[in-house]
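These are the residues of each chain, in order.
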Amino acid sequence: MKGTPSLPIVVPRADLDLIESWVPQGARVLDLGCGDGSFLARLKQTRGVTGYGVEIDDLKVQQSIQNGVNVIQQDLEAGLAMFDDQTFDVVILSQTLQAMRNTEIILKEIGRVGREGIVSFPNFGHWFHVWSIALGRMPVSKQMPYQWYDTPNIHLCTVKDFEALVSQIGFTVLGKRLFLDGQAVDFLGALRSTLAVYRFKPRFV
């Protein structure tokens, strides 16, 4: 018996909940590094979005297709040349920025193909990370659970680093939220938060 398709399971994450609230109803969305497509599939159900996911992993591409997501298999490092300027209302890059080799290039591409960008990343400026560095060791934490020699993270940054880069590129920050263990942090957020989420747009849009 056919019924309403069930929503794919999305592991609760504070950044995804916030990103969902920032996506306008009916928006055209590009989800970069979309994984199994579950988040984009949920946005289709809850926000009525259309669009694409981009993913390089073979298995995750298949899972995205099974979740009803239009997915393009592509290495993000190769850029987004397959999309014209301002094709999307929102471009999402969730907890993938730190694994990119060409951080500035992918941010510029987000600003080229999208009217808005939303990015989340681990905040390397958290006090525990600073303290670990002061003691002479690279930090290992719940947010970044890797040793220095096996980490997929290439370019770690603080919230101030990120804000300086997006300003240099020519973006205007529309929204910002910092989190610690899934809870929003306001007081001394740059030192107390482990996760940062930013919403921005090119100044010319």
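Everything below is about the structure printed above this text.
This one's a predicted model, so the numbers in the text were calculated from it and none came from an experiment. (Residues numbered from 1 in each chain as written. Predicted model: local features only at pLDDT ≥ 70, side-chain atom pairs only at ≥ 80, totals over all residues. Heavy atoms only, no water.)

**Considering the overall build of the protein chain**
Now for step 1: Tallying secondary structure elements over the protein chain gives seven helices and eight strands in all.
Now for step 2: Across the 205 residues that make up the protein chain, the buried fraction comes to 45%.
Now for step 3: The long-range share in the protein chain, meaning contacts at least 24 apart out of those at least 6 apart in sequence, stands at 65%.
Now for step 4: Just so you have it, the protein chain exposes about 10900 Å², and 53% of that area is on carbon and sulfur atoms. (Helix = DSSP H or I, 4+ residues; strand = E, 2+ residues; numbered from the N terminus. Buried < 20%, exposed > 50% of the residue type's maximum accessible area, 1.4 Å probe, protein only. Contact = heavy atoms within 4.5 Å. Areas by Shrake-Rupley, 256 points an atom, 1.4 Å probe, with all protein chains shown as cover.)

**Side note on the packing of helix H4 (residues 103–113) against helix H6 (residues 159–169)**
Now for step 1: Relative orientation of the contacting elements H4 and H6 amounts to 55°, with a least axis distance of 11 Å. As far as their axial angle goes, H6 and H4 are oblique. For the pair H4 and H6, the crossing hand works out as right-handed. Here H4 contributes Thr103, Glu104, Leu107 and Lys108 to the contact with H6, which in turn contributes Phe162, Leu165, Gln168 and Ile169.
Now for step 2: Partitioned by chemical class, the residues of the contact of H4 with H6 number four nonpolar, two polar and two charged. (Axes fitted to C-alpha atoms, helices over the stretch in contact; angles between N-to-C directions. Parallel < 35°, antiparallel > 145°, perpendicular 65-115°, else oblique. Left-handed = near helix turned anticlockwise from the far one by under 90°. Nonpolar A, V, L, I, M, F, W, Y, C, P; charged D, E, K, R; others polar.)

**Thoughts on empty space enclosed by the protein**
Now for step 1: Counting across every chain of the model gives one cavity of 30 Å³ or more.
Now for step 2: Size it by volume and the largest cavity reaches roughly 40 Å³.
Now for step 3: If you trace the largest cavity, you find it lined by Leu76, Glu77, Gly79, Met100, Asn102, Ile105, Ile106 and Glu109. (1 Å grid on protein atoms, 1.4 Å probe; cavity = no way out; pocket = protein on both sides within 12 Å on 5 of 7 lines; lining within 4 Å. Points joined across faces, edges and corners; volume = space filled by probe spheres on them.)

**Some details on the nonpolar core**
Now for step 1: Core analysis: the biggest nonpolar cluster contains 28 residues, and Leu30, Leu32, Leu107, Val119 and Phe162 have the highest contact counts within it.
Now for step 2: Of all the secondary structure elements, the ones that give two or more residues to this core are strand E1 (28–32), strand E4 (88–94), H4, strand E5 (114–122), H6, strand E6 (171–180) and strand E8 (195–202).
Now for step 3: The element best represented in this core is H6, accounting for five residues.
Now for step 4: In terms of nonpolar packing, the next biggest core, distinct from the first, is built from 20 residues, Leu16, Val23, Phe39 and Val90 among them. (Core = buried A, V, L, I, M, F, W, Y, C linked by side-chain atoms within 4.5 Å.)

**So, the pattern of salt bridges**
Now for step 1: Applying the stated criterion across every chain yields a total of five salt bridges.
Now for step 2: Close ionic contact of Arg112 with Glu109 constitutes a salt bridge, the shortest N to O distance being 2.8 Å. Pair noted here: Arg112 and Glu109 are both in helix H4, with a separation of three residues, about one helical turn.
Now for step 3: Look at Arg112 and you get partly exposed, because its relative accessible area is 22%.
Now for step 4: Take Glu109: its relative accessible area is 15%, and that puts it in the buried class.
Now for step 5: Members of the salt-bridge network, linked through shared partners, are Asp85, Glu109 and Arg112. (Salt bridge = Lys/Arg side-chain N within 4 Å of Asp/Glu carboxyl O.)

**A look at the sheet that holds E4**
Remark on secondary structure: sheet strands pair via backbone hydrogen bonds, oriented parallel or antiparallel.
Now for step 1: A sheet is described by the order of its strands in space; here eight strands give the open sequence E3-E2-E1-E4-E5-E8-E6-E7, paired in mixed fashion. The sheet is open, and its two borders are formed by strand E3 (71–73) and strand E7 (183–184), each paired with just one other strand.
Now for step 2: Examined bridge by bridge, E4 and E5 share six bridges and lie parallel to one another. If you follow Phe88 over to E5, its bridge partner there is Gly114.
Now for step 3: Where helix H2 (residues 38–47) meets the sheet, it contacts E1, strand E2 (50–55) and E4, and its direction lies at approximately 165° from that of E1. (Pairing = 2+ DSSP bridges.)

Treat this as a map of the structure, not an account of what it does.
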